[in-house]
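Summary of the model geometry
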Amino acid sequence: MKWMDGHCDVLYKMWKSESPISFYECNESLDVTYPAAHSSGVGIQVFAVFVPPEVPRSQFLHAALKQVDLFHERILLHGKKVVPLLSREDLIRLKSSGRMGALLSLEGADPLQGDTAHLRLLYRLGMRQVGLTWNHANEVADGIEEERNGGLTRFGRSLVKEMKRLNMVLDVSHLSVRGFWEVIEEDLPVIASHSNCRAVCSHVRNLGDEQIRALIRREGLIGVTFVPKFVHDDPDQASIEGVLRHIDHICALGGEKCIAFGSDFDGIDQKVPGLEDTGALDGFREILLQRYPEPLVRRWTVENGFQFYFKHL
């Protein structure tokens with residue numbers, strides 16, 4: 001096991017495709033496929049369930065459930081190559097199994113439609129992580145692109161309480177700044193699954209230094225992402241060197257134990273040269289090893305993530 005990738009949109013791409021896409025065959029339709037991931041040593045992959053805002057509100061939950069069904073029917077199959085991660089016991093078994101572990105995450109709580117019963121339903125279907133918002137406002141809170149910067153709603157607070165009871169992980173990527181500070185004080189595990197540093201690239205989706213320090217204090221995860229517009233202020237100039245600058249900045253703030261990676265593969269059209277798909281991760285790891293000590297690279301690519309989920313699943 002060489003890698004954990006904390007965020008991909010394979011399920012969304014499968015769901016919106018008019019024809020079936022195989023996760024188990026090399027193809028040009030997916031950035032993340034099993035053959036490429038296996039070749040690069042991806043031992044843990046987080047699969048996001050994302051329902052885009054153009055879907056009618058009455059269909060939000062239905063669309064999410066369709067993606068969860070794709071997770072079970074086309075990713076897990078019979079568990080021969082990919083197994084679900086539902087508990088720390090699953091992680092222990094994963095280490096010696098030679099299989100890939102798959103963790104299911106909800107990107108934006110819109111499909112819950114203001115009802116914590118829907119959260120419990122998704123939990124029973126294998127969901128263990130929830131990002132409260134995408135970029136826009138919903139019943140839970142404001143997303144990062146809402147200018148009013150609203151925090152948690154009354155339902156948002158009840159949702160966080162229920163997530164705490166279920167021992168779920170809360171993802172702050174896409175959440176408003178005010179919402180971030182409200183949940184960072186809550187007693188449940190918090191991560192930013194795919195966010196970079198605003199001091200390096202000024203995009204609003206990136207984290208400010210105080211947010212990074214707060215995640216460090218909370219022993220959370222910060223998934224350095226390969227989205228070009230989050231890597232460089234001019235996305236056309238995004239490079240692997242730019243990705244490394246975000247790593248350097250988090251380290252300068254004392255966050256080497258929090259660094260992980262969240263590629264956002266299959267959720268982006270523009271790519272960082274040299275980081276086009278999961279098959280590129282092996283080469284990227286070699287670049288990391290040329291710049292950083294091997295124990296640090298191993299920590300960032302897999303150990304920080306493994307230890308975080310071992311502690312909190």
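Bear in mind that the values here come from a model prediction, so they are computed numbers and not experimental data.

**Here we look at the overall build of the chain**
Looking only at helices and strands, the chain features 12 helices and 9 strands. In terms of overall dimensions, the chain is globule-like: its C-alpha atoms have a radius of gyration of 18 Å, near the 20 Å expected for 313 residues. Seen along its three principal axes, the alpha-carbon backbone of the chain occupies a region of about 50 × 45 × 35 Å. Taken over 313 residues, the chain has a buried fraction of 58%. Within the chain, contacts between residues at least 6 apart in sequence are counted, and of these 70% link residues at least 24 apart. Only carbon and sulfur atoms are counted for the fraction: they give 47% of the accessible area of the chain, which is about 13000 Å². The centroid of the 36 positive side-chain charges in the chain is displaced by 7 Å from the centroid of its 43 negative side-chain charges.

**A word on the state of the cysteines**
If you walk through the whole model with that rule in mind, you get 0 disulfides. Here Cys-8 is not disulfide-linked; the sulfur of Cys-26 is the nearest cysteine sulfur, at 15 Å. Of the residues examined, Cys-8 reaches a relative accessible area of 0% and is grouped as buried.

**Re helix α3 (residues 60-76)**
Compared with the 24 Å implied by 1.5 Å per residue over 17 residues, the 23 Å span of α3 between its first and last C-alpha is a close match. All buried positions along α3 are accounted for by Phe-60, Leu-61, Ala-63, Ala-64, Gln-67, Val-68, Leu-70, Phe-71, Ile-75 and Leu-76. Looking at the buried positions of α3, the neighbouring elements they touch are α1 (10-16), β2 (42-49), β3 (82-84), β4 (100-107), α5 (116-124) and β5 (127-131). Leu-77 sits one or two residues past α3 and shows a positive phi near 50°.

**Let's talk about helix α10 (residues 240-252)**
The end-to-end C-alpha distance of α10, which contains 13 residues, comes to 19 Å, matching closely the 18 Å that a straight helix rising 1.5 Å per residue would cover. Of all the residues in α10, the buried ones are Ile-240, Gly-242, Val-243, Leu-244, His-246, Ile-247, His-249 and Ile-250. In this structure, the buried residues of α10 make contact with α8 (209-217), β8 (221-224), α9 (228-231), β9 (259-261), α11 (281-291) and α12 (294-312). Positive phi shows up at Gly-254, right after α10, with a value of about 90°.

**Some thoughts on the packing of aromatic side chains**
Here the structure, examined in full by the defined rule, presents 18 aromatic pairs. Here the aromatic rings of Trp-3 and Phe-284 are separated by 6.0 Å at their centres, their planes lie at 20°, and the arrangement is stacked. Of this pair, Trp-3 sits in strand β1 (residues 3-8) while Phe-284 sits in helix α11; the two residues are 281 residues apart in sequence, bridging distant segments of the chain. Here Trp-3 matches Phe-284 in class, with each residue buried. Arg-88 extends its terminal NZ or CZ atom over the ring of Phe-310, reaching a point 5.1 Å from the ring centre. Geometry around Tyr-123 places Arg-128 over its ring, the cationic atom sitting 3.8 Å from the centre.

**Some words on unusual backbone geometry**
Of note in the backbone geometry, Asn-167 takes a positive phi value of approximately 65° without being a glycine. Summarising the element assignment, Asn-167 is placed in the loop between α6 (154-166) and β6 (169-171). With relative accessibility at 38%, the residue Asn-167 sits in the partly exposed group. Even without being a glycine, Asp-266 presents a positive backbone phi close to 70°. One can find Asp-266 in the loop between β9 and α11.

**Some points on the packing of α10 against α11**
Running from N to C, α10 and α11 cross one another at 55°; their axes reach a closest spacing of 12 Å. The angle between the axes of α10 and α11 places the two elements in the oblique class. As α10 packs across α11, the resulting crossing turns out to be right-handed. On the side of α10, the interface is formed by Ile-240, Glu-241, Val-243, Leu-244, Ile-247 and Asp-248, while α11 contributes Phe-284, Ile-287, Leu-288 and Arg-291. Here the residues of the contact of α10 with α11 are counted per class, giving 7 nonpolar, no polar and 3 charged.

Procedures and definitions
- Residues numbered from 1 in each chain as written.
- Predicted model: local features only at pLDDT ≥ 70, side-chain atom pairs only at ≥ 80, totals over all residues.
- Heavy atoms only, no water.
- Helix = DSSP H or I, 4+ residues; strand = E, 2+ residues; numbered from the N terminus.
- Rg over C-alpha atoms; globule rule 2.2 N^0.38 Å.
- Buried < 20%, exposed > 50% of the residue type's maximum accessible area, 1.4 Å probe, protein only.
- Contact = heavy atoms within 4.5 Å.
- Areas by Shrake-Rupley, 256 points an atom, 1.4 Å probe, with all protein chains shown as cover.
- Lys, Arg positive; Asp, Glu negative; His and termini not counted.
- Charge placed at Lys NZ, Arg CZ, Asp CG, Glu CD.
- Disulfide = S-S within 2.5 Å.
- Expected span 1.5 Å × (residues − 1).
- Phe/Tyr/Trp six-rings, centres within 6.5 Å; stacked < 30°, edge-to-face > 60°.
- Lys NZ or Arg CZ within 6 Å of the ring centre and 35° of its normal.
- Axes fitted to C-alpha atoms, helices over the stretch in contact; angles between N-to-C directions.
- Parallel < 35°, antiparallel > 145°, perpendicular 65-115°, else oblique.
- Left-handed = near helix turned anticlockwise from the far one by under 90°.
- Nonpolar A, V, L, I, M, F, W, Y, C, P; charged D, E, K, R; others polar.

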